[in-house]
Amino acid sequence: MSISRRKFLGWVGAAGLSTTIGKSATAATNKHFTGYPKSFAILHDTTLCVGCRSCEAACNKVNELPQPDKPFTDLSVLETKRRTTTKAFTVVNKYDNSKGSQSPVFYKKQCNHCLEPACASACFVRAFTKTKTGAVTYDSTVCVGCRYCMIACPFEIPTYEYDQALTPRIRKCTMCYPRVIEGLLPGCVEACPMEALSFGKREDMIKIARERFRKYPDRYVDHIYGEHEMGGTNWLYVSGTPFKELGMREDLGITPAPQLTAGALSSVPMIVGLWPVLLAGIYAVSKRKEKIAQTEQEQALTSALDKKRPAESETEEES
Ligand code: SF4
Ligand code: SF4
Ligand code: SF4
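Residues numbered from 1 in each chain as written. Chains lettered and ligands numbered in written order. Predicted model: local features only at pLDDT ≥ 70, side-chain atom pairs only at ≥ 80, totals over all residues. Heavy atoms only, no water.

A. Spatial organisation of the environment of aspartate 96. Positionally, aspartate 96 belongs in the loop between strand 2 (91-95) and strand 3 (105-109). Expressed as a C-alpha distance, the spacing of aspartate 96 and glutamate 245, which sit 149 residues apart in the sequence, is 8.2 Å. (Helix = DSSP H or I, 4+ residues; strand = E, 2+ residues; numbered from the N terminus.)

As structure tokens, then:
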């Protein structure tokens, strides 16, 4: 870990990072947004990662996710190239080392917490928020389940609870936002026994990465993945192997995703325009149904009472 807990707490307080600002569109609509200046980042140094899956276990625990079919101590799962799921916000995958005889390379995958998140720009109910901490958070209470965020994300991260019939949610790493604003480290960072994960200010993580390149030029590819990809992310990577060989996209360019997805998701603005009308329509129909049901109920009650009253009158007259 790169920072002491005391220093970290100081930053949280000084930067006012326990509050979020603006909804998703704040980040998404500002084309020149380059990230909040005091935001945090996590640096994954794949040259230090041993594929132990402690980060996966910690993530599972802090997010109170169900236990996986195979325990976290079972490293055979590393043989499969896994994606994040609703029950695993992070996965570690194993790759052959292109430097021949050297040990394999492990790459930890999760939401990269883009500086300008495509998921947020595609979400017309603004369920995603780019927070001052750097984390991209999600509010299930406003989500309508359109899954545009899943289409928009260039890293294929958001997952959807298809198995939840009543209240399905989008699920992804939150960069442990609830922990960070409490002054705690992200669960995975805290659990990593190799210090392959470092947490601190984004600018400091970039400095640390550059310092490692300078000190060990033979160990690293001179590239910080996430410094510029898709306009930059709050999750950064350094590696001794070209990122492409780790299944990471190197074709994304440096244009923030919202500017790209504005074209790809050209139907979204239309839906944004139509959505209030649709909602109003659905609301009106449901209200009308309620009104009709109420009227019918009242009519049935009146009719029942009308039928009952003559009978009661007759009974009273007889007595
Ligand atoms: S806990 Fe650290 S060393 Fe272990 S797999 Fe995760 S990142 Fe790699
Ligand atoms: S990686 Fe995908 S889900 Fe995460 S912030 Fe970026 S666009 Fe959103
Ligand atoms: S930051 Fe938190 S939610 Fe994200 S991978 Fe690490 S433990 Fe999981």
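B. The arrangement of the site of ligand 1 in detail. Close contacts around ligand 1 come from 13 residues, with Cys49, Cys52, Arg53, Cys55 and Cys192 the closest. Grouping the constituent residues of the shell around ligand 1 by class yields 9 nonpolar, 3 polar and 1 charged. (Near = heavy atom within 4 Å. Nonpolar A, V, L, I, M, F, W, Y, C, P; charged D, E, K, R; others polar.)

C. Geometry of the packing of aromatic side chains. A complete count under the given rule lists 9 aromatic pairs for this structure. With 5.3 Å between their ring centres and 70° between their planes, tyrosine 107 and tyrosine 237 make a pair best called edge-to-face. Taken together, the residues span a long stretch of sequence, with tyrosine 107 in strand 3 and tyrosine 237 in strand 9 (residues 235-238) at a distance of 130 residues. Considered together, tyrosine 107 and tyrosine 237 belong to a single accessibility category, that of buried residues. Measuring from ring centre to ring centre gives 4.9 Å for tyrosine 160 and tyrosine 162, while their planes differ by 80°; the resulting arrangement is edge-to-face. (Phe/Tyr/Trp six-rings, centres within 6.5 Å; stacked < 30°, edge-to-face > 60°. Buried < 20%, exposed > 50% of the residue type's maximum accessible area, 1.4 Å probe, protein only.)

D. Representation of unusual backbone geometry within the structure. The backbone of histidine 113 sits at a positive phi, close to 55°, despite the residue not being glycine. Turning to its location among the elements, histidine 113 is positioned in the loop between strand 3 and helix 4 (118-122). Residue histidine 113 is classed as buried on the basis of its relative accessible area of 0%. With a phi close to 55°, glutamate 195 is a non-glycine residue in the positive phi region. Here glutamate 195 shows up in the loop between helix 7 (187-191) and strand 8 (197-201). Judged by its relative accessible area of 44%, glutamate 195 falls in the partly exposed class.

E. Layout of the site of ligand 3. Near ligand 3, the surroundings consist of Cys59, Asn63, Thr90, Lys108, Cys173, Thr174, Met175, Cys176, Pro186, Gly187 and Cys188. Here the shell around ligand 3 is composed, by residue class, of 6 nonpolar, 4 polar and 1 charged.

F. Here's a closer look at helix 3 (residues 54-62). Considered for burial, the residues of helix 3 that qualify are Cys55, Glu56, Ala58, Cys59 and Asn60. Turning to helix 3, the residues buried within the fold contact strand 2, strand 3, helix 7 and strand 8. At the exit of helix 3 stands glutamate 64, carrying a positive phi of roughly 50°. (Contact = heavy atoms within 4.5 Å.)

G. Here's a closer look at the nonpolar core. Ranked by size, the top nonpolar core spans 38 residues in total, and within it Phe155 and Phe199 carry the most contacts. Put simply, the parts of the chain that give this core at least two residues each are strand 1 (40-45), helix 3, strand 2, strand 3, helix 6 (177-180), helix 7, strand 8 and strand 9. Broken down by element, the residue count for this core peaks at 3 residues, all from strand 3. Not counting residues up to four positions away in its chain, the partners in contact with phenylalanine 155 are Lys109, Asn112, Cys114, Tyr225, Met230, Thr233 and Leu252. (Core = buried A, V, L, I, M, F, W, Y, C linked by side-chain atoms within 4.5 Å.)

H. Up close: the side chain of asparagine 97. As for its position among the elements, asparagine 97 is in the loop between strand 2 and strand 3. Judged by its relative accessible area of 14%, asparagine 97 is buried. At 3.1 Å, the side chain of asparagine 97 forms a polar contact with the backbone oxygen of serine 103. Once residues lying within four places of it in the same chain are set aside, the contact partners of asparagine 97 are Gln102, Ser103, Pro104, Val105 and Thr241. (Polar contact = N/O pair within 3.5 Å; in protein donor to acceptor, adjacent residues only side chain to side chain.)

I. The side chain of threonine 84, seen in detail. Following the sequence through the fold, threonine 84 ends up in the loop between helix 3 and strand 2. For threonine 84, a relative accessible area of 6% corresponds to the buried category. A polar contact is formed between the side chain of threonine 84 and the backbone oxygen of isoleucine 157, at a distance of 3.3 Å.

J. Geometry of the pattern of salt bridges. The full count for this structure, using the stated rule, is 12 salt bridges. The closest approach of N and O atoms between lysine 207 and aspartate 204, which form a salt bridge, is 3.9 Å. Of this pair, lysine 207 and aspartate 204 both sit in helix 8 (residues 202-215), 3 residues apart, roughly one helical turn. Accessibility expressed as a relative area gives 54% for lysine 207, which makes it exposed. Among the charged side chains, a network of salt bridges with common partners joins Arg53, Glu56 and Arg82. (Salt bridge = Lys/Arg side-chain N within 4 Å of Asp/Glu carboxyl O.)

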